[in-house]
Structures are given as structure tokens and as C-alpha cells.
Amino acid sequence: MNTMLKMDSPAAPAEAPTLGNGIKVVARDVNVYYGEKRALFDVSLDIPERSVTALIGPSGCGKSTFLRCLNRMNDTIPIARVTGRIEIDGRDIHDPDLDVVQLRANVGMVFQKPNPFPKSIYENVAYGPRIHGFANSKADLDGVVESSLRRAGLFEEVKDRLADSGTGLSGGQQQRLCIARAIAVSPEIILMDEPCSALDPIATAKIEELMDELRQNYTIIIVTHSMQQAARVSQQTAFFHLGILVEDGPTQEIFTNPTDKRTQDYITGRFG
Amino acid sequence: MGVVYFTGLALLVLIGFFFGRARALAVGHTENLHSRPGYHGGFVVISVLLPVLALFALGVPFAQYVTENQALQAYDPAALDDAFKRSAVLRDIIALANGQFSGQPTEALRRAADTYASLHAWTSYLLLTGGLVFGLLGIAYGLRKLSARFRARNSVERFVKGLLFAAACVAVLTTIGIVASVLLETIRFFERVSPIDFLFGLHWSPQTAIRADQEGSSGSFGIVPLVTGTLLITFIAMFIAGPIGLFAAIYMAEYATPRFRAFAKPLLEILAGIPTVVLGFFAALTLAPLIRSLGETLGLNVASESALAAGIVMGMMIIPFVSSLSDDIINAVPQSLRDGSYGMGATKSETIKKVVLPAAFGGIVSALMLAMSRAVGETMIVVMAAGLAGNLTFNPFEAVTTFTVQIKTILVGDQEFDSAKTLSAFALGFVLFFFTLTLNVIALQVVKRYREQYD
Amino acid sequence: MTDAVLPELRASSFASDDAKARIRARYRSETRFRFYGLLAIGLTAMFLVVVLADILIRGLPAFTQHWLRLEVTVNAAEIDPKGTRDPAEIRQGDFQLLIRDALRAQFPEVTDRRGRRSLDGILSSAAADGLRKRVVADPSLVGQTLDVPLLLSDDIDLYFKGIGTRIERHPGRGILTSNGTTGDVVLHSSSNDFAPYLDAIKRALSVRARDIRREADRLRAIVSKLEARKAELDRASKIGTLSGGEYPALVSDIESLGQNIKTLDADAAALQARFDAVGSDEKLDETVPSQLVAINGGLVKITQLGNSTATGTVLLPLQSTADAAGGTWQVVSYLTPEAGRRVNDREVGWLERLKEKGLVERAFNWAFFTSGDSREPELAGIRGALVGSALTLLVTLVLCLPIGIAAAIYLEEFAPKNRLTELIEVNINNLAAVPSIVFGLLGLAVFLNFMGLPRSAPLVGGLVLALLVLPTIIIASRAALKAVPPSIKEAALGVGASHQQAIFHHVLPLAMPGVMTGTIIGMAHALGETAPLLMIGMVAFIVEPASGITDAATVLPVQIYLWSDLPEIAFQAKTAAAIIVLLVFLFVMNGTAIYLRKRFERRW
């Protein structure tokens, strides 16, 4: 099994006792503040590896905020402040020894709106391996680009126009390109922030299919607005409301037998 | 004349306004007015203003033209055709008619001055009377039109809208004026000097002799030394302002904390607000001697009006320009692209170098083009710190001259009327205008397209 | 499957030393990049500080002026020989003579013509004006002795401000004796007090020798170029081509330059020889720094210098020939040689004496703000330029504020979306980037030559500047109008106002702060603009401030440009002072604009 984070510190607790069977991410008492405003309240959540975990809830409930904590994207917002403990494979991601650059290479991210760089398709995928210095030769790089595009299910569609601009693709293709771009640096976790909200139903179906395939190799955490989508793609679901993690558990259970009144109201469409 | 005319007009306007309003108020007692009384007054005012102003605008130049021609006819019909003589004689005639002539006037001049004075008086009276008549007719027309159902407001508003439109057209008129003035003089210049010699000549010395028999009377008008001089200084300036301005913009847009921005932004604005005459003073009196003495200690022969001093100061002048334009451009790059890059573990500088700058490339190039056009057209720094002689060189330690310096040198002070030298300044202005215009149009188009791309 | 590629690459990703080094390098490059950004801003800041400091240092001295306070007897015989006490008569009197006499009375020992003339030159040519005004106003003063402040000439003023030469004073260590109190004297020190000065002078000589040699080398380079050309012509003439008239000129140039080089070499050698002869006496002339000795209340200018003995001419008489103990006398060195100074050593003696007597005072230079331009630096002021700038800006404001607002309202609110509107918009944007000197050409061709408006007048200047800043004001006003939310307009329309009423009653007043901010910034731009005004002839030398918008006038930036071109050093300070005034105006205007923007900034 190589689910271990390949981090620079050999002292990283390989079999940390806090890790249960295949728990990839452990969050404990996570709080996020945007300036004066508190956006997350003491969120504690375990996320199993090699599965899809869906974060659902009405807009503004903090699910995206929580997602952005997992690869420290909140660092890029000057006024954001994060407290609490988040561990990936037993390592605290706020550990000063752990480099944010490595963290993000291990925790890839796909955004709400497809955001390919205004470069060629090839360059989009090759960007990550290049900056991290993974590929030593042109042949290596070609291999990485091809396999990433294949895994993202895009290679057959674009193999003849790798030199064309990534922004010229359709919305769904762009989003799959972004997934390929994220895969290219071989992350173990992929965060998806409402990846289908800007796509049409057919493109959405393709992405969902892709997620199902990807979960063989990756731990996927997806934020979604659509309860149907959560029900379709995820094995685990966590429901957020007003910055509080209300309930989490196997998707089946959450949708059929929620314990909390708010969850029930939400999934039955009383609010949201 | 003008003062009396406009005082009268003001009176007519006031009268018209009050009559119109009073009339409307009177009618308003009996019926419902469509428009407020003030608009009725306003309508009368407009019907006074339009004809009276039109009469003035057309009548005064016409009267002037007739008066001058008649006076010249009385003096010497030959003077009518010679533009140079014409203005000289007219000056004397007007001076004599106004009683400011010094010296003993000739009989012909006296006669001409009499003609001038009497015609001047006549046309003035005629215009004043005409204005009064037009004004009164205007009031009468306006008052006749007024009634309760009359849509005075709509008429007034149509007029106001016309005024607004006219104001917007001033910009177009300015452009037309610029093109016309430089183009006409340039055409006259090309009647004397061939465009081929002008564009490709390697020698610039516009000094034409006053008498035809003097040596070198033709002058030479090859602009190549001016082009190289202008480009040399511009490139020095861009060499400084490009990197510094761009890095400053990157820092301001990507790294600076709000507090640092609050300190650095005014700093750049102050620099941008310093008049170029001040920077020219600094270049000429402080920087140029400094560079000269520095060069001397290094054993270099530096001219006291070296291109380097002017170029450096000009570069400093356009730093704020480059940085504020680039800052805008960089800020217009969507955050999602940065997030995409950070999300893959890129550092900030990698994101800037590999994602943000390539995405902003077109915009930044056009910002540099705009800055360059500004440097090419800048006058005071080079007038004060660069040379006059058209040296054909690319050595930054030598003195070179530029388009703007030559335009200023030729046109300031006593000009020979209508000589090739004077006209050459307009030809230079023509080249300068169209060069900067082309740069600007291209750059603005690129910026616009760039903005639309990310909106 | 190609999947296998990925884990393989990963395995080598972060754990290896190689990878760690790469990450460190990436962070170093990050730091470096960030540093470049800071450096760029730092350089810009440094430049700004250097420019402002340079201007301040140069300009501040010009805000004060030195005056000489003298007792002047208003001699009735000179001023009012007929005894009429008629102000008109008195005005004609030669007051210049009175003050000259008063000054000469301070230095009875100056009797030679040259000396008297240079004594007269200490005072400004307008020094008597104040006295004349005073006596004309009050004729009863004739015959009395008055305490009068007299304006000093620009060079003297600069001397007292310490501009022009560096002065060093060092007290002597040994006992100094002088063999006389006037005329040529010999000074003898009991220790080698003069040795360091002798050294300094010899060093200066060697520097000059080096400069001369360098000049000779430069000429040699030219000669070798000419000789190459000559050789070329020689070859050509052998082949048979005619070399024309160039050849004789070439030969004579080579010859005369050769002569010059010989002279220069000889001079350099002579100077070098003097330098090499360590400790030998040196004759001091006007090309080396002046050395003066202050002893027993007098001042001696040294003409020949040895290690312990010096010969000199007395500038100010000594009180006695008594021995001066160490510390009671001093050597005063003027580091700029006399030849490069506007105040010679003799005058220096007088000035020091006047200063000792407490007759010299420094006062704020009000005249700088209240008088017009002048050819005499000590009399020149910026009043004419200030008035000209004010009139010009007035014309600009009156023209471009209404037109700018009207155009902005039209484009923002009424313009239909068509080709013409687009043309106007493109036009405005491009006009904002047209070089300012081109507007000057427009003014010259259209306003002066075509319309026949008067040259140099604020009217034309204002017109040109109005066209120049119009795009700025239109763009700013449009932004301000756009910032007013449409709901305001809709509310007005909803209660039955016409479109124009809604705009003029509601939208425009709300947009006004933004419009004013843009206008002030535009006016500040116009205030600093120079080039287009040069084109329309606002460069005339104008003493009297303009009284109307059609009079000839100049403006502050043009005055700065004109003064900066003048050779007198005193004008450099005046120029910098005028720049300070201009910058103060600009800062106030821009500060007001920023204040307005902050004060009325509204979050809708």
C-alpha cells in the first residue's frame, strides 16, 4: 500500500495510532474566521480513504470553507484564519515542517468554475510536473500528460490537438482537463468544489462517472449543492449548516435515516 | 463692440425669460399648463439666443473680412494677395486707426486707416442693430408659440440635449483640428522639401539662410537623426521603466499588504504628478553633471547633454504610468487561475511567472506601448536635458536630439513666416502625432479586448 | 495501462535529498522574486526622495535674502539741489550715489577706481529703490541720516549663503608674526603651520597637470584620425582622384593641433615639476584655492607660500604687528580658486568686515512673491507667473468644466449606441494620450494663425489647456456618473420626472464630488503643463503681471523653464524655489482631491 503521504520528514508517524482502518483525513475542532466573522464552528470529521465523501448543505454553510482548509487554500486569503487540527495520514498539515507546496501537490483541487490556464492543453497538464520537477525528460513528461488525460477520460477527445489552447474546450472538457491537471502531480486526495455546477447534465454525468473510476486510486472529497449528486457519487456524506457540521455518516444512512431534524428538513427540501 | 453686443444679449435674454414666464403664469391661471412656467421662459430665451449668437458668429468674421479687404484696397491692391505683406500692412492700418501708430504715416496709409475706421464703425452699428432686431423677433416668436398646451419642456430639453451632444463633439473637433493644422502645414512643407528627403535624409539642420545668396540656404531636413535620437532616449527610458514599473506592479498587485499599498500607491501618484519641467530641471542640473563626472572618473567622454541623463529621468517619469496600467491588468487576471495554480502546489512567484504574467501578456505589452508613446511625445525633459544637434548615433553618452526638442526649438521665439524651417516643425508634429496615435490605437484595442476576455 | 508511470514518478518525488534541494531552490527563487518587487518600489521611492530633496536643498536658500544695514545721509545737495522738497523732483535724485557713498565710508582705505567699482558692485542695482520710496513719501527726511536696509547683489547674497565655494577655517598652532599692517607683508610662523596648505596646493597642481595631459591625449586621438584621413587622401591622389579643398584644411588642422598639444604638454610638465619639488615655495595665483590669514583683526591674502613663511597682501589692515599666539589666528581657505568664483578675495575681505560689524542681515524674501521677472536674480520674483497661471487656469476651468460635464452626461446617459458615439468615445480615449506638444501646435495653427487671437495670452493658453485636460475630466465625470446607482434615476423617473430632470436634479448632484475630484486633478495637470504653452508664445519676458486674459503673460512652469536656462547661479536657486512653490500648489490641489474623494466616498 502506498497510501502514505510521501513527505520529507522520515519521522512522520507511518502507523499513527489515531489512524483507524483507512481513515485518510482527520479534522478536529476546526474553526475558520474571515476577519471578525466566524465561518466554521468546531468541525470534527473523519474521511475514509479511497472513497468519495460529499459535503452538502445550503449555500454559505461553510462546506467550501472546510474543503479549502484541507489543502490550506485559505492561506491565500489574507484575512482568513484557521484554528484546530487537521491530519492527513496522521500528519498535522499545519506542522511548520510540512511545506504547503508539498501538501498541495498531495491534495489536488478542482474548482467550481473550470479554470484552465490560457495555455495549450499539453502545457496545462504538464504545468504541475514541471514546477515540482517530477519529470526529468520530455518523454517522461509526455507519459505523465498522456496518462493523466487518459485517467481524466479526456485523452481520446483531445489527442490530436494537444497544442490547442485549453480555453477552447467545452465546459465539461475544461473541467476534465482541470481534473487531469490535478492528477498529473499524483495527489492522493482530490478536493472538488462543486465541480459540476457550471456544467450541463451530460458533462455532469461524465464527471460523475469519472469520479467513480477515480475513487479506485484516490480519496475524493466533493462539495456539492445537489443532493442527487451526493447520493449518486458518494459513499460518505457530511451535512453542514450555518458553519456547523450537523451530521455525517454513510451516504445511504444520511439520506434514508437522518438523525438530526435539520438534516431531514434539508434533504426533504424544506429549506436550502 | 463685443462687450456691448453681449450686454445687450444678456438683457434680451432676461427680458425674454421673464416675459415668457409671466405669459405662462397668466395662461396658467385659466388652463392647465403642460410645462412649468420656467420652461416657457427658457423656451423664449432659446429663441432669442440662437439667432443672435448665430448672427454674431457669422457676422463678425464677415465684417472683419470686408473691412480689411476694403482698407487694403484703399492702400495698395497688391497687398491683398501677398499674405506676408498683408499682415504687416494690416497691423499698421489698425494701429493708425486706433491712434497707436508711432511715426509719420504716409498718405496712402492714412487713407486706408480712414476707410478701416469708418467701415469698422459701420459694420459694428449694423451688427448691433441686427442683433437687436433678431433678439426682439426671437422674443416675439417665442411668446407667440407659448400656450397652455405648448410642450415647452420638450423643446427646451431637445435644445439642452443638443448642447450636450455638441459638448461631446468637442473632442472630435479637437482631433479634427489637430489633424487639419498639422496636415495642411505639412503639405505646404512637402511643396518645398521632398518627402523622400524628409523621411530618409541622414542630416538635420533646419537653419535656412535669411537671404537667398547666403551659403547653405536650403537647410537640410532629414529626420533619421531625430528618429534615432528619439528612439535612443525612449529605449533608455523603457529599459528603466519597463522592469521597475512591471516589478513594482507585480509587487503591488500580488504581494503588498493593504498597509504597504496605502503607502506605496500615493508614492507612485506623487511621482506621476510631478510636472515634467521639474524633472527636466533635475535631469539638466543634477543628473547630467553627475553622469558626466562619473563618466570622467571612468575615463569616458560624456556629453553634458547626454542621452543617458534625459533617458533615465524620462524612465523614472513613466514608471508610475507602467506600474499603474500593469497593476490594473494584473488585477484583471481572474483569481480562479491563481487558485488553480496554488491548488497544484505552485509557489506565488511560480504562479505569477507561469500563469499570471502569460495570461496578462497582451495587456502588459500594450501598457508598455502606451508608456512608450508617452516617452516619445514627452517634451520638457528632453528640451532641458537633451541636445539640439542632430547627431546620428546610438551612443548613450553623446548628445542627441528628438522630435519634440526640434519642434520646440523651431517654433519658440521669432519665426520666419512661411519658411521651410517653420513648416518643418509641423511636419515633425505630423509624424509625432501619427506615430503616437498608431501606438495608442493598437494598445487601447489590445487592452479593450483583454478586458473583455476576462469580464 | 499507462497508470504505472505515475506511482513511479511519485516515489522519487519529495523524499529524496534531490527533491528537498529543489524545494529549497524554489523557495529561494520565491524570495528573490519578491525582493525584486520591493527593490523596484524602493528604487522609485529613492528617486522621488532624491528629486524632492535636491530641489529643496537648491531652492530653500532663495526664500531668504541678505541685506546690508547702513547709515545713509540723505544729502540735500544731491537729491534736492533746488530745495523745493517736491516729491517729483526728489524722485529724480541720484539715490544710488548716496548709498554708494555710505558704503565707501565703511572702507576709506579703498581709493583706487577698480576697487571702488567692485565695492559698488556689492549692492544690487535696485538697492536704492527702498530709500527713494521712503524719501519721496516723506520729503522731510532730506538732510537727515537714516538707517537703511540695502539689498545686496546676487553674488554677494550667494557668498553669505555659503553657495559657490567651500570655506575652511583652521586655527594656527605656532606663534605668527607679521612685519607690517598694510601693503605687502611677510608672515612667519614658529612652527610649520603652512605645510598642509602647501601640500594641498601642490596636489591641486598635479590634478591640473593630469587634466591637461588628458586633454592633450584627446587632441592626439583627433590628430591621429586626421592623419589617417590625410594618408587616405594621399593614396587617393597617387591614384589620381582629386581630393578637393579638404586637403589643405586638413594639413593646417593637424599643424595647429600639434602646436596646441606641444603647449599643453609643456604646461603639464611645468605643473608636474612644481608638484614634484616637495616643500618648495609656491606662488599662489587665481587658479589655485585661495589661502587667507586672519590675524590681529586684519586679513592677509597669501601670494607666496612656504612651509613656515608666507608673503601676502593685506586686504584688511592689521591692528598691530604684535605676535599672534597659537589659536588666536587662523588660516581661511577658499576651496574654489578665485578664477572660478564670482566674489574675489578682496571683496571677501570687505564682506567679512561688514559681517563682523553686524551690518549684514538675512530676511525672508518677500519680493520673490511680490515682484515680477527681472534680469537681476536678486530682484526676480514669480508674481507675474502666478498671476498668469491663475488667469490661464481660470480660462481652462470655465471652459472645460461645463463642457466636460455636459459631454460626460451625454455619453453616459443620452448617447445612442451607434457608430458616432463609438467614434466619440474612441476619440476621447486617444486624445488623452496625444503628446501635449501637439496641442501646442493646434493652438499655434488654429488659435493664433487662423483665428488671430493674441500671442502669449492667458486666453489662448487656457483654451489649449482646456482641450488638453478635457478628456481627463470627461473620463472622470463619466466614472462618477456611472457610480450613481440606477435606482436613484429610476426613483425620479417613477414620480414623473423627465429623463433630464432626473439627471440634473438627482444623478448629477450625487456625482458632483467625483466630478470635482476629476476636475481638480485635471487642473493640477494643467498647472504643471509647459510644452504647449511654449508653442503659443508664453515665453515672453514679462515684468508686469497681466491684468486681463488677453495681455501677454507667462505661467509658473514656463517661468521655471526660462529661469533654468539662465547662466547666473543665483537663478538656479530661484528656479528651484519657483519649483517648490509649484509643487506646494500641486500637493494642495491633489490633497484636496484626495480629501474630497475620501470625504464623499459613498458605499451604495
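Residues numbered from 1 in each chain as written. Chains lettered and ligands numbered in written order. Predicted model: local features only at pLDDT ≥ 70, side-chain atom pairs only at ≥ 80, totals over all residues. Heavy atoms only, no water.

Considerations on the overall build of chain A
Inference 1: If you tally the helices and strands in chain A, you get ten helices and ten strands.
Inference 2: Residues counted as buried form 58% of the 272 residues belonging to chain A.
Inference 3: In chain A, the share of contacts with a sequence separation of at least 24, taken over all contacts with a separation of at least 6, comes to 69%.
Inference 4: Just so you have it, chain A exposes about 11,000 Å², and 49% of that area is on carbon and sulfur atoms.
Inference 5: Positive and negative side-chain charges in chain A, numbering 29 and 35 respectively, have mean positions lying 4 Å apart. (Helix = DSSP H or I, 4+ residues; strand = E, 2+ residues; numbered from the N terminus. Buried < 20%, exposed > 50% of the residue type's maximum accessible area, 1.4 Å probe, protein only. Contact = heavy atoms within 4.5 Å. Areas by Shrake-Rupley, 256 points an atom, 1.4 Å probe, with all protein chains shown as cover. Lys, Arg positive; Asp, Glu negative; His and termini not counted. Charge placed at Lys NZ, Arg CZ, Asp CG, Glu CD.)

Notes on the sheet that holds strand β10 (residues 244-250) of chain A
One key point about sheets: their strands pair by backbone hydrogen bonds, in either a parallel or an antiparallel sense.
Residues and elements named next belong to chain A.
Inference 1: The six strands are arranged β6-β7-β8-β3-β9-β10 in an open sheet whose pairing can be described as mixed. With one partner strand each, in any of the chains shown, β6 (107-110) and β10 form the two edges of the open sheet. Averaged over all neighbouring strand pairs, the angle between strand axes comes to 15°, with direction disregarded.
Inference 2: Bridge count for strand β3 (residues 52-56) against strand β8 (residues 219-223) is four bridges, and the pairing is parallel. From the neighbouring strand, Val52 faces β8, where its bridge partner is Ile220. (Pairing = 2+ DSSP bridges. Axes fitted to C-alpha atoms, helices over the stretch in contact; angles between N-to-C directions.)

Let's talk about empty space enclosed by the protein
All names here are of chain C.
Inference 1: Applying the stated rule across the entire model yields five cavities of 30 Å³ or more.
Inference 2: There is about 110 Å³ of room inside the largest cavity.
Inference 3: The wall of the largest cavity is formed by 15 residues, among which Asp157, Leu158, Lys161, Ala570 and Lys574 lie closest to the centre.
Inference 4: Broken down by secondary-structure element, the contributors of at least two residues to the lining of the largest cavity are β1 (64-73), α8 (154-161) and α21 (569-600). (1 Å grid on protein atoms, 1.4 Å probe; cavity = no way out; pocket = protein on both sides within 12 Å on 5 of 7 lines; lining within 4 Å. Points joined across faces, edges and corners; volume = space filled by probe spheres on them.)

As for the pattern of salt bridges
Inference 1: If you walk through the whole model with that rule in mind, you get 39 salt bridges over all chains.
Inference 2: Two residues, Asp46 of chain A and Arg28 of chain A, come together in a salt bridge whose shortest N-O distance is 3.0 Å. Separated by 18 residues along the polypeptide, Asp46 of chain A in strand β2 (residues 37-48) and Arg28 of chain A in strand β1 (residues 23-34) bring together distant segments of the chain.
Inference 3: On the basis of relative accessibility, which here comes to 36%, the residue Arg28 of chain A falls in the partly exposed class.
Inference 4: Notably, a salt bridge pairs Asp327 of chain B with Lys265 of chain B, separated by 3.6 Å at the nearest N-O pair. One end of the pair, Asp327 of chain B, is in helix α10 (residues 307-332); the other, Lys265 of chain B, is in helix α8 (residues 258-273), with 62 residues separating them in the sequence.
Inference 5: When its relative accessible area of 3% is taken as the criterion, Asp327 of chain B is described as buried.
Inference 6: If you follow the salt bridges from partner to partner, you end up with Glu146, Arg150, Glu156 and Lys159 of chain A in one network. (Salt bridge = Lys/Arg side-chain N within 4 Å of Asp/Glu carboxyl O.)

Regarding the interface of chain C and chain B
Inference 1: Opposite the 74 residues of chain C that make contact, chain B presents 78 residues.
Inference 2: The junction of chain C with chain B conceals about 6,800 Å² of combined surface from both sides, 76% of it contributed by carbon and sulfur atoms.
Inference 3: Per-residue buried area on chain C facing chain B is highest for Phe33, Ile41 and Phe47 of chain C; these three make up 11% of the total on that side.
Inference 4: Where chain C packs against chain B, one counts one salt bridge.
Inference 5: Close ionic contact of Glu350 of chain B with Arg26 of chain C constitutes a salt bridge, the shortest N to O distance being 2.7 Å.
Inference 6: At the junction of chain C with chain B, the criterion picks out 15 residue pairs in polar contact (both at pLDDT 80 or more).
Inference 7: No other element matches the 21 residues that helix α2 (residues 17-59) of chain C contributes to the side of chain C that touches chain B.
Inference 8: Within the side of chain C that touches chain B, the residues separate by chemical class into 52 nonpolar, 14 polar and eight charged. (Buried area = accessible area lost by both parts, 1.4 Å probe. Polar contact = N/O pair within 3.5 Å; in protein donor to acceptor, adjacent residues only side chain to side chain. Nonpolar A, V, L, I, M, F, W, Y, C, P; charged D, E, K, R; others polar.)

Here we look at the environment of Asn106 of chain A
Inference 1: Mapped onto the secondary structure, Asn106 of chain A falls in helix α2 (residues 100-106).
Inference 2: Sequence spacing of Asn106 of chain A and Ile190 of chain A is 84 residues, and the spatial spacing of their C-alpha atoms is 8.3 Å.

Considerations on the packing of helix α5 (residues 152-192) of chain B against helix α14 (residues 419-431) of chain C
Inference 1: Put simply, α5 of chain B and α14 of chain C touch, their axes get as near as 9 Å, and they point 60° apart. Classified by the angle their axes make, α5 of chain B and α14 of chain C are oblique. For the crossing formed where α5 of chain B meets α14 of chain C, the hand is left-handed. The residues of α14 of chain C that touch α5 of chain B, namely those facing Phe165, Ala168, Cys169, Ala171, Val172, Thr174, Thr175 and Ile178 of chain B, are Leu420, Ile424, Asn427, Ile428 and Leu431 of chain C.
Inference 2: For the contact of α5 of chain B with α14 of chain C, the class distribution of residues is ten nonpolar, three polar and no charged. (Parallel < 35°, antiparallel > 145°, perpendicular 65-115°, else oblique. Left-handed = near helix turned anticlockwise from the far one by under 90°.)

Considerations on unusual backbone geometry
Residues and elements named next belong to chain A.
Inference 1: Its identity as a non-glycine residue notwithstanding, Asp42 has a phi of 45°, on the positive side.
Inference 2: Here Asp42 is to be found in strand β2.
Inference 3: Asp42 gets classed as partly exposed once you look at its relative accessible area, which sits at 46%.
Inference 4: Located in the positive-phi region is Glu194, a residue other than glycine, with phi close to 45°.
Inference 5: Secondary-structure assignment places Glu194 in the loop between β7 (189-193) and α7 (201-214).
Inference 6: A relative accessible area of 9% means that Glu194 is categorised as buried.

Comments concerning the nonpolar core
Nonpolar side chains tend to gather and get buried jointly when the protein is soluble and globular.
Inference 1: Counting residues in hydrophobic clusters, the biggest one holds 196 residues, and the most contacted among them are Ile407 and Leu411 of chain B.
Inference 2: Ranked by residues supplied to this core, first place goes to helix α7 (residues 224-255) of chain B with 15 residues.
Inference 3: If we skip the residues at most four places from it in the chain, Leu411 of chain B touches Thr422, Ala425 and Phe426 of chain B together with Leu441, Leu444 and Met535 of chain C.
Inference 4: Of all hydrophobic cores here, the second largest spans 43 residues; its members include Leu68, Ile90, Leu103 and Leu292 of chain C. (Core = buried A, V, L, I, M, F, W, Y, C linked by side-chain atoms within 4.5 Å.)

Here we look at the environment of Tyr334 of chain C
All names here are of chain C.
Inference 1: Tracing the chain through its elements places Tyr334 in strand β10 (residues 330-337).
Inference 2: Beyond its immediate sequence surroundings of up to four residues, Tyr334 is in contact with Tyr159, Thr165, Arg166, Ile167, Pro289, Ser290, Leu292, Arg341, Val348 and Glu352.
Inference 3: In this structure the side chain of Tyr334 is engaged in a polar contact, spanning 3.0 Å, whose partner is the side chain of Tyr159.

Focus on the packing of aromatic side chains
Inference 1: Applying the stated criterion across every chain, the model contains 33 aromatic pairs over all chains.
Inference 2: With centroids separated by 5.5 Å and ring planes inclined at 65°, the aromatic side chains of Phe247 of chain B and Tyr36 of chain C adopt a geometry described as edge-to-face. One end of the pair, Phe247 of chain B, is in helix α7; the other, Tyr36 of chain C, is in helix α2, on a second chain.
Inference 3: Centroid distance Phe260 of chain B to Phe263 of chain B: 5.8 Å. Interplanar angle 65°. Geometry classified as edge-to-face. Pair noted here: Phe260 of chain B and Phe263 of chain B are both in helix α8, with a separation of three residues, about one helical turn.
Inference 4: Under the relative-accessibility criterion, Phe263 of chain B is labelled partly exposed at 48%.
Inference 5: Aromatic ring contacts, followed pair by pair, group Phe63, Phe364, Trp366, Phe368, Phe369, Trp563 and Phe571 of chain C into a single cluster.
Inference 6: Looking at Arg181 of chain A, its charged tip hangs above the ring of Phe117 of chain A, at a distance of 4.3 Å from the centre. (Phe/Tyr/Trp six-rings, centres within 6.5 Å; stacked < 30°, edge-to-face > 60°. Lys NZ or Arg CZ within 6 Å of the ring centre and 35° of its normal.)

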